[in-house]
Amino acid sequence: MKPRNSQRSKSVRPSKKYSQSRLQLGGLNGNKLIKCAKCEMAYSPTNIEDTTAHRAFHDTYLKGRKWSQNWGSVVSIPTNSMTPPPSQHSSNERIVMIRPDHPKEVNATLDVMNIVNNELHAPHDENSFWVNEDGKGKAFLYIKDDRAVSAITIEQLDEGRGKWMLYDSKKLVPNVTPKFELGISRIWVCKSQRGNKIAMKLLETARNNMLPGKSYQKWTIAWSQPTNDGGKLASKYNAVTHKSGKLLIPCYI
């Protein structure tokens, strides 16, 4: 899908693809590579370019990307049984929706998505539905203390993409094509913020702000074949129990 405005698309830079084991600069010169125990990036501690890149990756991977007050459109955070009220430091926390016609915030979000895709071992080229102005999706980020600590990208689904996945075996159920309206392409929380129900807040915000004036039902939302952690989140959020007793996760391909 190509953006309508070719002039605008030029201002969105190609995304960098960091990887936990991609830095090989020092290794080419015979320097020994080490692997960071926290962010898992391999780098040469004696190479200036390696160590500089590692510091930047490490900081973003663990704490989230630094975020400008001017980036993103602030949306309300729903409060229900799954999303408790904001903490006493709520003035430093907000959820923003990314605007495709604002290149700086799009580029900053692409930086976040690079970290997300590396950790999830996911493709780096599945952003067009929220990057392009005529795309059928959106990106939402959770901002805390001026850092993007969590992200979700979600898209409208065409018919025929829905599947059921068995939670215990992660196998897709054959010959069944359920209809789902939205698909969660990516959902991620940086390591330092996990366990704070931020992912639930993003899920609820996304389904209530995907389209103006419309709130999608949880059972109409599918997952892009989730990881182990994603499967656990899905099992709590909108999994269903089959008559056989098996837990089914709504997925899409």
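Just above sits the structure.
Since the structure is predicted, the reported quantities are computational estimates derived from the model, not experimental observations.

1. Concerning the packing of helix α3 (residues 48–63) against helix α4 (residues 103–120)
- Put simply, α3 and α4 touch, their axes get as near as 10 Å, and they point 80 degrees apart. On the basis of their axis angle, the class for α3 and α4 is roughly perpendicular. When α3 is examined against α4, the residues Phe57, Thr60 and Tyr61 are found in contact with a partner set consisting of Ile115, Asn118 and Glu119.
- The residue makeup of the contact of α3 with α4, split by class, is 3 nonpolar, 2 polar and 1 charged.

2. Structural notes on helix α6 (residues 198–209)
- Between its terminal C-alpha atoms α6 stretches 16 Å, which fits the 16 Å expected from 12 residues at 1.5 Å a residue.
- Among the 12 residues that make up α6, 10 are buried, leaving the element largely enclosed by the rest of the structure.
- Of the positions making up α6, those classed as buried are Ile198, Ala199, Met200, Lys201, Leu202, Leu203, Glu204, Thr205, Ala206 and Arg207.

3. What about a positive patch on the surface?
- A surface patch of positive charge is lined by Lys170, Lys197, Lys232 and Lys236.
- Looking at where lysine 197 falls in the secondary structure, it is placed in the loop between β9 (182–189) and α6.

4. Examining the packing of aromatic side chains
- On inspection of all chains with the given rule, the structure shows 4 aromatic pairs.
- Here the aromatic rings of phenylalanine 57 and tyrosine 61 are separated by 5.6 Å at their centres, their planes lie at 15 degrees, and the arrangement is stacked. Here tyrosine 61 and phenylalanine 57 lie together in helix α3, a separation of 4 residues that amounts to about one turn. Considered together, phenylalanine 57 and tyrosine 61 belong to a single accessibility category, that of buried residues.
- With a centroid separation of 5.0 Å and an interplanar angle of 85 degrees, the aromatic rings of tryptophan 67 and tryptophan 71 are classed as edge-to-face.
- Since its relative accessible area comes to 5%, tryptophan 67 is described here as buried.
- Its end group placed over the ring of tyrosine 237, lysine 218 keeps NZ or CZ at 5.2 Å from the ring centre.

5. Focus: the pattern of salt bridges
- Under the criterion given, the structure shown has 11 salt bridges.
- We note a salt bridge from aspartate 59 to lysine 63, for which the minimum N-O separation is 3.8 Å. One end of the pair, aspartate 59, and the other, lysine 63, are both in helix α3, 4 residues apart, so they sit about a helical turn from each other.
- The exposure class of aspartate 59 is partly exposed, given its relative accessible area of 22%.
- Taking relative accessible area as the criterion, lysine 63 reaches 45% and is therefore assigned partly exposed.
- One salt bridge connects glutamate 181 with lysine 214, and the closest N-O pair in it is separated by 3.3 Å. Here lysine 214 lies in the loop between α6 and β10 (221–223) and glutamate 181 lies in the loop between β8 (162–166) and β9, a separation of 33 residues in the sequence.
- A relative accessible area of 32% places glutamate 181 in the partly exposed class.
- When its relative accessible area of 34% is taken as the criterion, lysine 214 is described as partly exposed.
- Taken together, the shared-partner salt bridges connect Asp59, Lys63 and Arg147 into one network.

Each value, and the rule that gives it
- Residues numbered from 1 in each chain as written.
- Predicted model: local features only at pLDDT ≥ 70, side-chain atom pairs only at ≥ 80, totals over all residues.
- Heavy atoms only, no water.
- Axes fitted to C-alpha atoms, helices over the stretch in contact; angles between N-to-C directions.
- Helix = DSSP H or I, 4+ residues; strand = E, 2+ residues; numbered from the N terminus.
- Parallel < 35°, antiparallel > 145°, perpendicular 65-115°, else oblique.
- Contact = heavy atoms within 4.5 Å.
- Nonpolar A, V, L, I, M, F, W, Y, C, P; charged D, E, K, R; others polar.
- Expected span 1.5 Å × (residues − 1).
- Buried < 20%, exposed > 50% of the residue type's maximum accessible area, 1.4 Å probe, protein only.
- Patch = residues over 30% accessible without salt bridge, like charges linked within 9 Å, V, L, I, M, F, W, Y side chains within 5 Å.
- Areas by Shrake-Rupley, 256 points an atom, 1.4 Å probe, with all protein chains shown as cover.
- Salt bridge = Lys/Arg side-chain N within 4 Å of Asp/Glu carboxyl O.
- Lys, Arg positive; Asp, Glu negative; His and termini not counted.
- Charge placed at Lys NZ, Arg CZ, Asp CG, Glu CD.
- Phe/Tyr/Trp six-rings, centres within 6.5 Å; stacked < 30°, edge-to-face > 60°.
- Lys NZ or Arg CZ within 6 Å of the ring centre and 35° of its normal.

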